[in-house]
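Here is what each chain is made of, one letter per residue.
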Amino acid sequence: MKEAAATIYVNDICDIVKRYHRFLITAHVRADGDAIGSEIALYYALKDMGKSVSIVNDSAVPQVYRFIVPNGGIYIYPELPKEEAEVVFALDCPTLDRLGKTRECIPKDAKIINIDHHISNENFGNINIVTDDVCATGEILLSILKEMKVKISSDIATALYVAIMTDTGRFTHTNTTPEALRAAAFLIECGARHNEVTKNVYNTNSFNQIQLNAHVLNTVKLHFENRIATVWVTKEMLEKTRVDAIDTQELADIPISIEGVYVGVLLREMTQPNWVKVSMRSRNGFDVNNIAKKFGGGGHKYAAGCEIQGSILEVQKLILVELEKGLLQKK
Ligand code: 5GP
Ligand code: MN
């Protein structure tokens, strides 16, 4: 985020942080590395100021991020902290609905501070710090904490490093700007344990996970002159390999890695019967956010998602129709 913009809002946040004592931090459903890293960094920053802070999420923390979860943990709805918060930070979350069930635990009178980098953010907070020209919510948070003169401890730096590294796809996506790399370098200077991060997030798979990958790779299909690739995960595969649904987020990177493919699609059967979670990744200027929006979802130009009712094959058909229309317009 541009330094000038950060300053305007930081005064408001500083006032609120000074004035109030009880804080709740939350993020979007099925929280990813950016959401969880940002939550944990802010948790440590507020704790260091002597505040009472809890993190509450709709869904469990994926296995690969558990090594940064603070002692005392993260509340997963319906488990809730006893105290009512005065201030709620919503991180990496474009709409109130995307908070999932944690939306229900926001006290009526609480001030909401919305910090996010999704284009589709609806500015639902009392204070909104939203910009889409940064790689991750963690990058915005770092600017804010620096402006607030917060000491970036190695725990804060490690959590923010997770946020930036995962949302840039290990510094490979088009959002890997000089600012993103400078932020990562600064975090390492502050003591971010980057080797521990890469080991846990990318270089450690359970045997079960590898078996699941084998099942998923067997489902790969090419469509529309090999411009679209799909893979899917069924509940049966998860049961067979005993992998948690929350630990399947990275599978979206497989189909888009195929040479010549413009759009990669991961289809996952949801716990809710007859609903499918769709994750799309794209390149070469093809905007999947627009496709996701047609189904009530959203995200970014090159990474977006939505939830659609139907079987995997029915949902695949619906998505392919829209993707093919989009690709034809691009030709
Ligand atoms: P993923 O495909 O990994 O779930 O998400 C990719 C991006 O799209 C993330 O920024 C995520 O927040 C966003 N996204 C995924 N699913 C949805 C959805 O159902 N609704 C909205 N608004 N955004 C989504
Ligand atoms: Mn993000």
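Source: prediction; values computed, not measured. (Residues numbered from 1 in each chain as written. Chains lettered and ligands numbered in written order. Predicted model: local features only at pLDDT ≥ 70, side-chain atom pairs only at ≥ 80, totals over all residues. Heavy atoms only, no water.)

Novice: For the domain arrangement of the protein, give the residues involved together with the corresponding values.
Specialist: According to the domain assignment, the protein consists of domain 1 (3-202) and domain 2 (208-330). Listed as interface residues are 15 residues of domain 1 and, on the opposing side, 11 residues of domain 2. Interface area for domain 1 against domain 2, summed over the two sides, is near 1,100 Å², with a carbon-plus-sulfur share of 49%. Between the two partners, domain 1 and domain 2, sit 1 salt bridge. A salt bridge links R30 to E307; the shortest N-O distance between them is 2.5 Å. Put simply, domain 1 and domain 2 have 4 residue pairs in polar contact (both at pLDDT 80 or more) between them. For the side of domain 1 that touches domain 2, the per-class residue count stands at 6 nonpolar, 6 polar and 3 charged. (Domains from an automatic or database assignment. Contact = heavy atoms within 4.5 Å. Buried area = accessible area lost by both parts, 1.4 Å probe. Salt bridge = Lys/Arg side-chain N within 4 Å of Asp/Glu carboxyl O. Polar contact = N/O pair within 3.5 Å; in protein donor to acceptor, adjacent residues only side chain to side chain. Nonpolar A, V, L, I, M, F, W, Y, C, P; charged D, E, K, R; others polar.)

Novice: Please provide a residue-by-residue account of the confidence of the model for the protein, values included.
Specialist: Do not read the fine detail of predicted coordinates wherever pLDDT is low. In this model, the protein carries an average pLDDT of 95, and 97% of its residues clear a pLDDT of 70 or more. Every residue in residues 1-6 scores below 50 in pLDDT, and together they form 12 contacts with partners more than four places removed in sequence or on other chains. (pLDDT = per-residue confidence, 0-100.)

Novice: Before we move on, could you go through the site of ligand 1 and cite the residues and values that matter?
Specialist: Ligand 1 sits among 13 residues. The nearest are R98, H118, K277, S279 and R281. R281 has a polar side-chain atom sitting 2.7 Å from an oxygen atom of ligand 1. For ligand 1, the protein covers 86% of the area, taking 490 Å² as the surface of the free molecule. Residue assignment for the shell around ligand 1 shows that the elements contributing at least two residues are β10 (275-282), β11 (298-299) and β12 (303-309). (Near = heavy atom within 4 Å. Areas by Shrake-Rupley, 256 points an atom, 1.4 Å probe, with all protein chains shown as cover. Helix = DSSP H or I, 4+ residues; strand = E, 2+ residues; numbered from the N terminus.)

Novice: How would you explain the environment of T248 if you had to name every residue and give the values?
Specialist: Mapping T248 onto the fold places it in the loop between α8 (235-241) and α9 (253-256). According to the relative accessible area criterion, T248 is buried, its value standing at 1%. Residues T248 and R268, 20 residues apart in the sequence, show an inter-C-alpha distance of 8.7 Å. In terms of polar contacts, T248 uses its side chain to reach the side chain of R268, at 2.9 Å. (Buried < 20%, exposed > 50% of the residue type's maximum accessible area, 1.4 Å probe, protein only.)

Novice: Tell me about the coordination of the manganese ion (ligand 2), and please be specific about residues and values.
Specialist: Surrounding the manganese ion (ligand 2) are the protein donor atoms D34 (OD), D92 (OD), H117 (NE2) and D167 (OD), at 2.2 to 2.4 Å. Sequence spacing among the residues donating to the manganese ion (ligand 2) works out to D-x57-D-x24-H-x49-D. Of this pair, D34 sits in helix α2 (residues 33-48) while D92 is found in the loop between β4 (87-91) and β5 (111-116), placing the two residues 58 residues apart along the sequence. Per residue, the accessibility class of D34 equals that of D92, and both read buried. (Donors = N, O, S within 2.8 Å, 3.2 Å for Na, K, Ca; no water.)

Novice: I'd like a rundown of the nonpolar core, residues and numbers included.
Specialist: Core analysis: the biggest nonpolar cluster contains 58 residues, and I25, F89, I115, I156 and L187 have the highest contact counts within it. Take this core: its biggest share by element is 9 residues, from α2. If near-sequence neighbours (up to four positions away) are discounted, I156 is found in contact with A41, Y44, A45, D48, L145, V150 and K151. Counting residues in hydrophobic clusters, the runner-up holds 33 residues, among them L212, A252, L267 and I291. (Core = buried A, V, L, I, M, F, W, Y, C linked by side-chain atoms within 4.5 Å.)

Novice: Got a sec to walk through the sheet that holds strand β6 (residues 127-130)? Specific residues and values, please.
Specialist: Two strands in a sheet stick together by hydrogen bonds in their backbones, pointing the same way (parallel) or opposite ways (antiparallel). Taken in spatial order, the 6 strands line up as β3-β2-β1-β4-β5-β6 in an open sheet, and their pairing is parallel. Both edges of this open sheet fall to β3 (75-76) and β6, since each of them pairs with a single strand only. Of the pairings in the sheet, the one linking β4 to β5 comprises 5 bridges and is parallel in character. Counted as the bridge partner of F89 is I113 from β5. (Pairing = 2+ DSSP bridges.)

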